[in-house]
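# Architecture and fold: a report
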Amino acid sequence: MPFILSQFIEASRWLGALVVLAVHTSNLFINNADIMSAPHGPLAYVWWFYSAFELGHQAVLAFFVMSGYLVGGAVLAHMRKNQGFLREYFIHRVSRIYLVVGPAVALTLVLDSLGRWLFASSGVYEWPLFKGHFSPVLFLASFLNLQGIAFDYFGTNGPLWSLACEFWYYVTFPLLLLPFARNYPLALRFLGFALGAALFLALSMPPSWFKFGYILWAGGAFATLIGRPIIRSRWQALILYAAVVAIIRLVVRGHLLEAHPWLADAGDLLASGLFVNVLLAFRYGPAEGFSLLRPKFHKTLADFSFSLYSIHMPILIFARAAVGSTLGNDWATQLATPQNYAVAFSVMGVAIVAGYFFSRVTEAKTGAARRKLRALLDRWAPEPAAPTPAPAQQPVAAQPPQQRIEA
């Protein structure tokens, strides 16, 4: 993968996680209901625009596209090269998800239990949003990555729904394409396809975002097969994407959306398609330029963005309950004051620091977890030895050149 594309993806990951954090923090601590009816400072308008639900939603869409591009694109690359990949692929995907999601669900249980005990007077944990969400069944369902698909999310950690979708995309995508993996036995290929199809149908039956999200995720994967972007200029591609997202944020809402519900999906498809073009513009563009993407802090921040996304919501709700119990239940819902902003930014800072330290014992250990899982599988089912290469003097039929896939 070109360095400039890698850095763009790293920057997009941490910026997207920050947008989601800002949206949820603003919803809990900052009331801008008078933003259109009373004068405000420039920064208040900037925050109102930046912390809108639609921008957070677009950030999640970008996560889906990038995940498909990187993970699904790697599957396609292995298949085009006739390489065996399933064993290592599932080692990488299972460890990547469960090393974070498992502890995140456990942390949600701890924080929610403490919050319900310490700050019961706030009434936050009794909001209709969380009614019935503290059951052992939902706790188990979240460990099985079924939250937001077949079950509600556990406790206060609603954002984990998107990780459940991604996990099952990881599982079903290679299985559905396995008939085209000619290096595997025919029986295994069609057995894998049958399993993938059964999982896909079962997960598609409950009403959820799983099916629509799959379109975006798979679109990112198949974009790796595209030879060039439609808009080659990286600046033009970025500006067009940003402009369309801004229009969606300002227009696709309120009465217009109520009258034309299809606009939401249309806007999502358009924005995701333009983001794919941005990825391709960075992939096939010149190696130089975009000096803002070269600093190493992009990777440093991206390295704990997954953890931040996974645990920020129970932290915010815990803080909201604490504020309600100490400052009064109406304090956070009053029209925003400088104190509201100060508390909101302080809580965001706490969530970011917590996400970093959480990542040190989860994401940062991914390599070690993969080695242990690989060793465990080697003891249970050793990987078959590679076939003996043909003697040098034996003529081998020429193979057509294959395009190199970066993913």
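Definitions and cut-offs
Residues numbered from 1 in each chain as written. Predicted model: local features only at pLDDT ≥ 70, side-chain atom pairs only at ≥ 80, totals over all residues. Heavy atoms only, no water. Helix = DSSP H or I, 4+ residues; strand = E, 2+ residues; numbered from the N terminus. Rg over C-alpha atoms; globule rule 2.2 N^0.38 Å. Buried < 20%, exposed > 50% of the residue type's maximum accessible area, 1.4 Å probe, protein only. Areas by Shrake-Rupley, 256 points an atom, 1.4 Å probe, with all protein chains shown as cover. Lys, Arg positive; Asp, Glu negative; His and termini not counted. Charge placed at Lys NZ, Arg CZ, Asp CG, Glu CD. Salt bridge = Lys/Arg side-chain N within 4 Å of Asp/Glu carboxyl O. pLDDT = per-residue confidence, 0-100. Contact = heavy atoms within 4.5 Å. Arc of directions from axis to C-beta.

## Remarks on the overall build of the protein
Each helix and strand in the protein was counted, giving 15 helices and zero strands. Its C-alpha atoms give the protein a radius of gyration of 23 Å, near enough to 22 Å, the size a compact globule of 407 residues would have. The dimensions of the protein, computed from C-alpha atoms along their principal axes, are 85 × 50 × 45 Å. For the protein, the residues scored as buried account for 47% of the 407 residues in total. For the protein, the accessible area works out to roughly 20300 Å², and carbon and sulfur atoms hold 70% of it. Between the mean site of the 29 positive side-chain charges and the mean site of the 18 negative ones, the protein shows a separation of 11 Å.

## Details of the pattern of salt bridges
The tally for this structure, following the rule as stated, stands at five salt bridges. The partner of arginine 374 in a salt bridge is glutamate 88, with the nearest N and O atoms 2.7 Å apart. Placement of arginine 374 in helix 15 (residues 366–380) and of glutamate 88 in helix 4 (residues 86–118) is noted, with a sequence separation of 286 residues between them. Relative accessible area serves as the criterion here: at 23%, arginine 374 is assigned to the partly exposed category.

## Quick notes on the confidence of the model for the protein
Predicted confidence across the protein gives a mean pLDDT of 91, with 94% of residues reaching 70 or more. Every residue in residues 392–407 is under pLDDT 50, and counting partners more than four places away or in other chains gives 22 contacts.

## Describing helix 5 (residues 136–143)
Every buried residue of helix 5 is listed here: Leu138, Ala141 and Ser142. Projection of helix 5 onto a plane perpendicular to its axis shows the buried side chains occupying an angular sector of 100°, all on one side. Away from the buried face of helix 5 by more than 90 degrees, exposed residues Pro136 and Leu140 are located. The inward-facing, buried residues of helix 5 contact helix 4. Asparagine 145 sits one or two positions beyond helix 5 and adopts a positive phi of about 60°.

## Re unusual backbone geometry
The phi angle of most residues is negative, glycine excepted, and most peptide bonds adopt the trans form. In this structure, asparagine 82 takes a positive phi of about 55° despite not being glycine. Counting through the fold element by element, asparagine 82 comes out in the loop between helix 3 (53–80) and helix 4. Positive phi, close to 60°, is recorded for asparagine 145, a residue that is not glycine. Looking at where asparagine 145 falls in the secondary structure, it is placed in the loop between helix 5 and helix 6 (160–177). By relative accessible area, asparagine 145 is classed as buried at 0%.

## Quick look at the side chain of arginine 234
Inspection of the secondary structure puts arginine 234 in helix 9 (residues 234–251). Residue class for arginine 234 comes out buried when judged on its relative accessible area of 8%. Contacts of arginine 234, omitting those with residues within four sequence positions, involve Ile4, Ala281, Phe282, Gly285, Pro286, Glu288, Gly289 and Phe290.

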